[in-house]
Amino acid sequence: MNKKKEPLLYAQGLKKTYTTGTVKTEVLKGADVEIHAGEFVTIMGHSGSGKSTLMHILGFLDAPDEGKYVFEGKDTSKFDDDQLAEIRNKKIGFVFQSFNLLPRTSALDNVRLPMIYAGVPEKEQIIKATKALESVGLGHRLNNLSNELSGGEQQRVAVARALVNNPSLILADEPTGNLDSASTKEMMKVFDELNKKGHTLVIVTHEDNVASHAHRTIEIHDGVCKRS
Amino acid sequence: MILKDELKLVFDLAVQGLKTNKGRTGLTVLGVVIGIATIVIVLSAGRGLEQFVFDQIDSFGGDTIEVEIKIPNVSDTEMVSAFVGGAEVTTLKLEDFEALKKLPNVDNYYAGVLGQFKSVYKNKSKTSTIFGVNAAFIDIDRDMKIAEGRFYTEREDKSQARVVVLGTEIKDDLFGNENAIGKTIKINQVSFKVIGIAEPRGNVFYFNFDEMIYTPLRTAQKQLLGIDHVLYGFVTLVDTDKTDETVQDINLLMSQRHDLPPNDINKYDFRTTSMKEAQEIIGTITFGMTLLVLAIAGISLLVGGVGIMNIMYLSVMERTREIGLRKSLGATNRVIKAQFLAESIVITAIGGVAGIVLGSIIVLLFDIGAKLQGFDFGMTVTLDAIVVGFASAIIFGILFGLYPARKAAELKPVDALRFE
Ligand SMILES: Nc1ncnc2c1ncn2[C@@H]1O[C@H](COP(=O)(O)OP(=O)(O)OP(=O)(O)O)[C@@H](O)[C@H]1O
Ligand SMILES: [Mg+2]
């Protein structure tokens, strides 16, 4: 890895505290992260350690209370809602544990959604969505409604959706958490291929066999990140 | 170009959003349908009623002025009881109308008297209204038509000819299916020859024209009632634009002829009403009624609107995770807001169209039903009912969609995604 190259993103001293009633939960206590373009990184840590919280911050779905987050050389703290929406749309592909597909909507239309928000012309949307679905091995399921697909297939649709706008970073929060081992294997094959094609991947997981696919693992413990 | 694309995008998103939530969409649409149908019905009914009353007045002649007897220095309500109690005003004469006819803007007139008498033909008898009116009546009253035979002439009136024209009901009562023309009936022991049968006309206000017997004015005055005054008359105008001036001219001439102070209407023993004025008054009343009913419809629509808002709000709540997902995929606040607003508008627009159709069907059925009952309201769905109905649908869509849409747009992506 070329250490002199600018990282895709780096964060320093990220803090996040949740307040429920009078109870304050300090989840991140000054976490530092650095991800380079082309990396395949997993984030691990016990339940409640703040993995999702960190992913949400890295994916611009949430903002840290304190700390610096620089993405593609830009300090992100001053971004307004519209800029954040654009980054989420063009630079980030997010895969959720619970798939989060639109119900009663075809696989193709689900994958088109980020392109719709990006203002891609309709014909191009269909071509790109088809390609993305083919690349995750779902070329034969284009017009199936999301609820007609198996869990593994649904998650692959979600991956196709995440990569279709060709983002700089794909974030996946326990993407195999709801999948059986066969589907997990297939899922990981997809991720490996994406990484080989140059996509930067950050995946949260509890499973060592998932983590074994990555270049390195970031361990969250006691609100800070450790390289393991 | 950008705007057009965005509109299409938002519309597509809205349609997709509605399709994925079909059940709730249907329910909301139903609420709108009922509200809009009510508006269409109320507006059409108001119009129909107004038109109905107008037509009734118009049948007396929309371009006429009525001159009728009045008790001097007595209020309208007291006068009714005075007349019921047997008070008589005998000062209004046929000669007054002859004089009025000479006014420059007066074209023609008819004057009338009324009485209740028993008519007899063979072994059948019937008490009904005798309407003594001069021959010009047939020219002036547009809804008076002869079905059979003829109406009497001016000359027959002047010579007090004992001829009658029968309304259809009284004809049936006395003659049944038998031909009546040329036959003689007795009214109050006096023989009259039947020369014509009127076309059925039905009720106009309190008058049932079909049970009426028409006879020349002078015949009625001299041979039945023994009087030389009249109850009322109508004058027709040359130029209806000068109605108000003519009313003044009539008042002046009449007060001169009756030796009354010209400027004190209270002291008059007659009353002058232009039908135009009457139409205006009734127009105001029906307008007021329409407003009232509209207000009621408005309230019910408001309740419906709150229902729409509720359902839209529920929809936002239920779809919180979906909104979070859309935001995570790059939807801006504006696009989210526009989508939910568009959904609300699409719902109300569909509901609006369906409501207009439903309302129109009900109006048509009501009209047919009324016609079967003998009331020709001529109730039709007016263009403004459709326009107002559709416009209120859209306005309600925007008004009550705005708040939930804003709520949706303001959701933070991570909160929305974590929402259970
Ligand atoms: N919106 C919130 N309000 C209050 N507390 C929160 C909120 N979101 C997260 N938390 C708390 O913050 C802590 C970290 O949550 P987070 O979801 O980041 O954990 P995680 O490492 O992803 O856990 P898991 O492996 O179970 O997914 C948890 O204790 C959680 O209860
Ligand atoms: Mg988590």
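Residues numbered from 1 in each chain as written. Chains lettered and ligands numbered in written order. Predicted model: local features only at pLDDT ≥ 70, side-chain atom pairs only at ≥ 80, totals over all residues. Heavy atoms only, no water.

Enquirer: It is not clear to me how the sheet that holds strand β3 (residues 40–44) of chain A should be interpreted in this structure. Could you clarify?
Expert: Picture the strands of a sheet paired through backbone hydrogen bonds; they go either parallel or antiparallel. All names here are of chain A. A sheet is described by the order of its strands in space; here 6 strands give the open sequence β6-β7-β8-β3-β9-β10, paired in mixed fashion. What marks the edges here is a single partner per strand, and that holds for β6 (92–95) and β10 (224–227). The mean angle between the axes of side-by-side strands here comes to 20 degrees, regardless of whether they run parallel or antiparallel. Note that β3 and strand β8 (residues 200–204) share 4 bridges and pair parallel. Its bridge partner being in β8, F40 is matched across the sheet by L201. Against the sheet, helix α5 (residues 151–163) engages β6 and β7 (169–173), with an angle of about 170 degrees to β6. (Pairing = 2+ DSSP bridges. Helix = DSSP H or I, 4+ residues; strand = E, 2+ residues; numbered from the N terminus. Axes fitted to C-alpha atoms, helices over the stretch in contact; angles between N-to-C directions. Contact = heavy atoms within 4.5 Å.)

Enquirer: Looking at this model, I keep getting lost on the interface of chain B and chain A. Mind explaining?
Expert: Interface size is often expressed as the accessible area that is lost when the parts come together. Across the boundary between the two partners, chain B contributes 23 residues, which contact 25 residues of chain A. Roughly 2100 Å² of surface becomes buried between chain B and chain A when both sides are summed, with 59% attributable to carbon and sulfur atoms. Inspection of the region where chain B meets chain A yields 0 salt bridges. At the junction of chain B and chain A, the tally comes to 7 residue pairs in polar contact (both at pLDDT 80 or more). When contributions to the side of chain B that touches chain A are tallied by element, the ones reaching two or more residues are α1 (2–19), α11 (320–328), α12 (333–372) and α14 (413–418) of chain B. Element by element, the count of residues in the side of chain B that touches chain A is highest for α11(B), at 6 residues. (Buried area = accessible area lost by both parts, 1.4 Å probe. Salt bridge = Lys/Arg side-chain N within 4 Å of Asp/Glu carboxyl O. Polar contact = N/O pair within 3.5 Å; in protein donor to acceptor, adjacent residues only side chain to side chain.)

Enquirer: For this particular structure, what's the right way to read the packing of aromatic side chains?
Expert: Aromatic rings considered in pairs are described by the distance between their centres and by the relative angle of their planes. All names here are of chain B. For the structure on display, the rule yields 18 aromatic pairs over all chains. With centroids separated by 5.9 Å and ring planes inclined at 90 degrees, the aromatic side chains of Y232 and F234 adopt a geometry described as edge-to-face. Residue Y232 is classed as buried on the basis of its relative accessible area, which comes to 10%. Judged by its relative accessible area of 3%, F234 is buried. Ring geometry for F396 and F400: centres 5.2 Å apart, planes at 20 degrees, overall stacked. Separated by 4 residues within a single helix, F396 and F400 lie in helix α13 (residues 383–410), roughly one turn from each other. The same class applies to F396 and to F400, which are both buried. Here the aromatic cluster, defined as three or more aromatic residues joined through ring pairs, consists of Y110, F131, F137, F151, Y152, Y214, Y232 and F234. (Phe/Tyr/Trp six-rings, centres within 6.5 Å; stacked < 30°, edge-to-face > 60°. Buried < 20%, exposed > 50% of the residue type's maximum accessible area, 1.4 Å probe, protein only.)

Enquirer: Looking at this structure, how should I read the environment of B:L417?
Expert: All names here are of chain B. Along the chain, L417 falls in helix α14. In this structure L417 comes out as buried when scored by relative accessible area, which is 8%. On a C-alpha basis, the gap between L417 and I323 in space is 7.9 Å, while along the polypeptide they are 94 residues apart.

Enquirer: Can you help me understand the site of ligand 1 in this one?
Expert: Around ligand 1 sit 14 residues, and of these A:S47, A:G48, A:K51, A:S52 and A:T53 come closest. The environment around ligand 1 is built from residues contributed by chains A and B. Note that an oxygen atom of ligand 1 is positioned 3.3 Å from one of the backbone N or O atoms of A:S49. Between an oxygen atom of ligand 1 and a side-chain N or O atom of A:S52, the distance comes to 2.7 Å. (Near = heavy atom within 4 Å.)

That's the geometry; what it means functionally is another story.
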